[in-house]
Amino acid sequence: MTAEQNLKDTTVVVIGASRGIGLGLVERLHEAGASVIATARKPDEAAAKLPKGVRVEALDITKADSVEAFAKKVDKIDTLIVNAAVGHADLMKDTDAAQLQWYLDSNVVGAHRAVLALLPALRSGAKKQIVLISSTSGSLEKQVGATSGFTGPYAVTKAATNMLAVQYHNELHKEGFTVIPIHPGWVATDMGLEAGVNPKGPQPISIETSSSGIVNVVAQLTPDKSATFFQYDGVKLPW
Ligand SMILES: NC(=O)c1ccc[n+]([C@@H]2O[C@H](COP(=O)([O-])OP(=O)(O)OC[C@H]3O[C@@H](n4cnc5c(N)ncnc54)[C@H](OP(=O)(O)O)[C@@H]3O)[C@@H](O)[C@H]2O)c1
């Protein structure tokens, strides 16, 4: 089956779709015929950039009332993609406790908030898929000795994102859920470009390449692949 056949008429929620990879994911999913519900902190601004026909709702992943209000508007979801995150080139030794709390609240507690609030709608959906946008920064194996890309508190949150996926897999797989973290690649977005580009070194991939790859992985997702750490091109990554 093609990606289009697998995604056609399924309901996919993308959390954090105002720009970057999230916006790319919504465009690709819409092209593939999915019924997409996109969320953004500023839905009117996001709606102006997103394809017509995409439903756009307000959601700030750090605010429980905002997440709850969104959850009340959605009855059935096949696939939930949690893309929203913050990331900067910070080091642990320069990060105070309040700053680490902000990172964790946005990237880890935020993802948990969204999954928990949307579980009833996911249970009503046929596919029962939860996709957490993670990063190779969250791979313990790849981070030992790492000097490039975002390290520090961002890496801490992405390792926790991976564990969130594993724990949700352990608790929900028997109900038919598929839960994966996926690394989108190094992508030319606001966040990706903050890491700095060396004109003579490797270059970031485009939003289109990353989001097409992720949508392809999602389209081919089956329960036996749950708790696998994927890269955007389907390559399996080490934890
Ligand atoms: N770019 C890369 O190279 C790269 C590499 C590895 C992993 N990733 C991961 O890929 C995902 C997307 O990254 P990106 O590069 O597209 O980043 P980006 O361009 O900085 O976009 C981040 C998105 O997250 C949203 N967001 C941030 N805080 C939020 C909150 N409290 N509530 C709701 N939405 C919030 C932003 O919304 P606003 O517009 O409202 O701020 C925006 O839509 C992230 O999970 C990131 O960690 C990216």
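This one's a predicted model, so the numbers in the text were calculated from it and none came from an experiment.

**Considering the packing of helix α4 (residues 64-72) against helix α5 (residues 97-124)**
Part 1: At a minimum axis separation of 9 Å, α4 and α5 run at an interaxial angle of 30°. In terms of axis orientation, α4 runs roughly parallel to α5. In the crossing of α4 with α5, the sense of the turn from one axis to the other is right-handed. Together, A64, V67, E68, F70 and A71 of α4 and R113, A114, A117 and L118 of α5 make up the contact between the two elements.
Part 2: For the contact of α4 with α5, the residue count by class is 7 nonpolar, no polar and 2 charged.

**With respect to the environment of L193**
Part 1: You can see L193 is positioned in helix α8 (residues 190-194).
Part 2: According to the relative accessible area criterion, L193 is partly exposed, its value standing at 44%.
Part 3: Expressed as a C-alpha distance, the spacing of L193 and T11, which sit 182 residues apart in the sequence, is 31 Å.
Part 4: Here L193 is in contact with V187, A188 and P204, once residues within four sequence places are set aside.

**What about the site of the ligand?**
Part 1: Among the 28 residues in the neighbourhood of the ligand, the closest are listed as S18, R19, R41, Y154 and T189.
Part 2: Contacts to the ligand include I21, whose backbone N or O atom sits 2.9 Å from an oxygen atom.
Part 3: Between the ligand and Y154 there is a distance of 2.5 Å, counted from an oxygen atom to a side-chain nitrogen or oxygen.
Part 4: Computed on the free molecule, the ligand has an accessible area of 890 Å², of which 92% lies beneath the protein chains in the complex.
Part 5: At the level of secondary structure, the elements contributing two or more residues to the shell around the ligand comprise α2 (20-31), α7 (152-172) and α8.
Part 6: Grouping the amino acids of the shell around the ligand by side-chain chemistry returns 12 nonpolar, 11 polar and 5 charged.

**Section: the sheet that holds strand β7 (residues 230-231)**
Strands pair in a sheet through their backbones, by hydrogen bonds, and they do so in one of two ways: parallel or antiparallel.
Part 1: Spatially, 7 strands are ordered β3-β2-β1-β4-β5-β6-β7 in an open sheet, and the strand pairing comes out parallel. Looking at which strands have only one partner, the edges of the open sheet turn out to be β3 (55-58) and β7.

**Some remarks on the packing of aromatic side chains**
Centre-to-centre distance and the angle between the planes together describe a pair of aromatic rings.
Part 1: This model, assessed by the stated rule, comprises 3 aromatic pairs.
Part 2: When the centroid spacing of 5.1 Å and the interplanar angle of 65° are considered together, the rings of W102 and Y103 count as edge-to-face.
Part 3: Take W102: its relative accessible area is 35%, and that puts it in the partly exposed class.
Part 4: Seen from their ring centres, F229 and W239 are 5.6 Å apart, and the 25° between their planes marks the pair as stacked.

About the cut-offs
Residues numbered from 1 in each chain as written. Predicted model: local features only at pLDDT ≥ 70, side-chain atom pairs only at ≥ 80, totals over all residues. Heavy atoms only, no water. Axes fitted to C-alpha atoms, helices over the stretch in contact; angles between N-to-C directions. Helix = DSSP H or I, 4+ residues; strand = E, 2+ residues; numbered from the N terminus. Parallel < 35°, antiparallel > 145°, perpendicular 65-115°, else oblique. Left-handed = near helix turned anticlockwise from the far one by under 90°. Contact = heavy atoms within 4.5 Å. Nonpolar A, V, L, I, M, F, W, Y, C, P; charged D, E, K, R; others polar. Buried < 20%, exposed > 50% of the residue type's maximum accessible area, 1.4 Å probe, protein only. Near = heavy atom within 4 Å. Polar contact = N/O pair within 3.5 Å; in protein donor to acceptor, adjacent residues only side chain to side chain. Areas by Shrake-Rupley, 256 points an atom, 1.4 Å probe, with all protein chains shown as cover. Pairing = 2+ DSSP bridges. Phe/Tyr/Trp six-rings, centres within 6.5 Å; stacked < 30°, edge-to-face > 60°.

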